[in-house]
Amino acid sequence: MQALSFGLYVHVPFCPNACDYCHFFHDKPSVPKVQAFLKRITEEREQWRSVWEARPFETMYWGGGSPSCLAPETLRTLGALCPVSAHLKEWTVEVSPTSLTPEKLQIFKELGVNRLSLGVQSFQAETLRRLGRKQAVSHVYKAYEAIRAAGFQNVNLDLIFPPDFVSLNAWQNDLETALQLQPEHLSTYCLTYEKATGPFTPQAHQAVDEDREADFYQFTWEFLEHHGYRHYEVSNFARPGFECRHHVNTWRMQEWLGWGPSAASQFQRKRFQNPCDWTSPIGSWVHEETFTEKDLCNDCLIFGLRMREGVDLTALQQRFPTVDLSVYQPLWQRFANAGWIVWENNCVRCTPQGMLLADSLALELL
Ligand code: SF4
């Protein structure tokens, strides 16, 4: 059996200001909380030492939160705690336009970070205001310029489209502005309504027209492909060779550890998540589950169909020899007849129409 790739996700749960739509675990940085965070990472590093010493990480991803809001010396300390070896191919750090400085960029370079993901969200002041995002458009340009000046050659821009209060024209302007910066990668997410309070609750979302959302997706896919970005996953686009390896490994249901509050792991047929707090002891997990070959195979199909290259069923069968993949054949036939997937050479992949229905197809697969 082919060895699974192995990644490390570090959740850096600090943001000086909370965006109105954010549902990730985060807190304002303070000396005691930053110390508690570093202690936790130190302990998790030790907890997993025998694993990462035997099997080095191939990808690392610092997300959050805003890792770049940490002080320079804290970034150095965190970097020293993360196991780096010659096997590490990709190291991404999420950075925010308001907290990135040339000094921090220099530290990332020295640590070996080779990919940055800049939280732009929008180039329009009004959209940023509606999202409750505390940054000016000028911060984005300044941060991007500094990133390039520091020599980073693999940069993602994160953008959000909120179809209920932004026109398709305004979204096109955002995409055009992003293209002028010539990033290697673009992530474009539809605004989600998952907050319990404030303007972005699930109840507030009920008013949004699904056809309108579909128009935004389709426009984005066509527009960015036309401009040379490969649409390799529902929300992700890359210049050839710049796909995010860490995310691809996750969607391919490989293995990864998650360190830091709220971080999730998938390892040796288990999924588990650290609690979203500062006090739980190491090794106390929430949402802990053991999954069968069939569960994992199902997830490979669900997440694989969200990717442009789809799923090679022959390879999948080799990975999961005990699973009877023939049971899916009537479903593939039905999806193909409806024009949602292409099923050929024992591979299945979504058509653009099928990608729009990715969540519904996943439900049917379950
Ligand atoms: S910067 Fe990101 S993590 Fe922080 S509050 Fe905003 S959306 Fe949430």
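Residues numbered from 1 in each chain as written. Predicted model: local features only at pLDDT ≥ 70, side-chain atom pairs only at ≥ 80, totals over all residues. Heavy atoms only, no water.

Enquirer: What should I look at first to understand the domain arrangement of the protein chain in this one?
Expert: You'll often see interface size given as the accessible area lost when the parts meet. Partitioning the protein chain into structural domains gives domain 1 (6-250) and domain 2 (292-366). Each side of the interface is counted separately: domain 1 has eleven residues, and domain 2 has seven residues. When domain 1 packs against domain 2, the two sides together hide about 890 Å² of surface, and 62% of this comes from carbon and sulfur. Our enumeration of links across domain 1 and domain 2 arrives at two salt bridges. Of the charged contacts in the structure, one is a salt bridge between Arg306 and Glu233, with a shortest N-O distance of 3.5 Å. There are four residue pairs in polar contact (both at pLDDT 80 or more) connecting domain 1 and domain 2. Of all the secondary structure elements, the ones that give two or more residues to the side of domain 1 that touches domain 2 are α9 (210-226) and β7 (230-233). (Domains from an automatic or database assignment. Contact = heavy atoms within 4.5 Å. Buried area = accessible area lost by both parts, 1.4 Å probe. Salt bridge = Lys/Arg side-chain N within 4 Å of Asp/Glu carboxyl O. Polar contact = N/O pair within 3.5 Å; in protein donor to acceptor, adjacent residues only side chain to side chain. Helix = DSSP H or I, 4+ residues; strand = E, 2+ residues; numbered from the N terminus.)

Enquirer: Is there a simple way to think about the environment of Gly65 in this case?
Expert: Mapping Gly65 onto the fold places it in the loop between β2 (59-64) and α3 (72-81). With relative accessibility at 16%, the residue Gly65 sits in the buried group. Between the C-alpha atom of Gly65 and that of Gly112, which follows or precedes it by 47 residues, the distance is 21 Å. Leaving out residues up to four positions away in the same chain, Gly65 has contacts with His11, Val12, Pro13, Phe14, Cys15, His26 and Glu94. (Buried < 20%, exposed > 50% of the residue type's maximum accessible area, 1.4 Å probe, protein only.)

Enquirer: Explanation requested: helix α6 (residues 137-149) in the structure shown.
Expert: Think of an α-helix as 3.6 residues a turn; residues three or four steps apart then line up on the same face. A rise of 1.5 Å per residue sets the reference length of α6, with its 13 residues, at 18 Å; its end C-alpha atoms lie 19 Å apart and thus fit the reference within 8%. Restricting attention to buried positions, one finds in α6 the residues Val137, Val140, Ala143, Tyr144 and Ile147. Taken end-on, α6 shows its buried residues confined to a sector of 120 degrees, consistent with a single buried face. Counted as exposed and oriented over 90 degrees from the buried face of α6: Lys142, Glu145 and Ala149. In this structure, the buried residues of α6 make contact with β3 (90-95), α4 (102-111), β4 (115-121), α5 (125-131), β5 (155-161) and α7 (168-181). One or two positions beyond α6, positive phi appears at Gly151, with a value near 95 degrees. (Expected span 1.5 Å × (residues − 1). Arc of directions from axis to C-beta.)

Enquirer: Would you take a moment to explain the site of the ligand for this structure?
Expert: By nearness alone, every residue bordering the ligand is listed as Cys15, Asn17, Ala18, Cys19, Tyr21, Cys22, His26, Gly64, Gly65, Ser66 and Arg133. Residues that form the shell around the ligand fall into these classes: five nonpolar, five polar and one charged. (Near = heavy atom within 4 Å. Nonpolar A, V, L, I, M, F, W, Y, C, P; charged D, E, K, R; others polar.)

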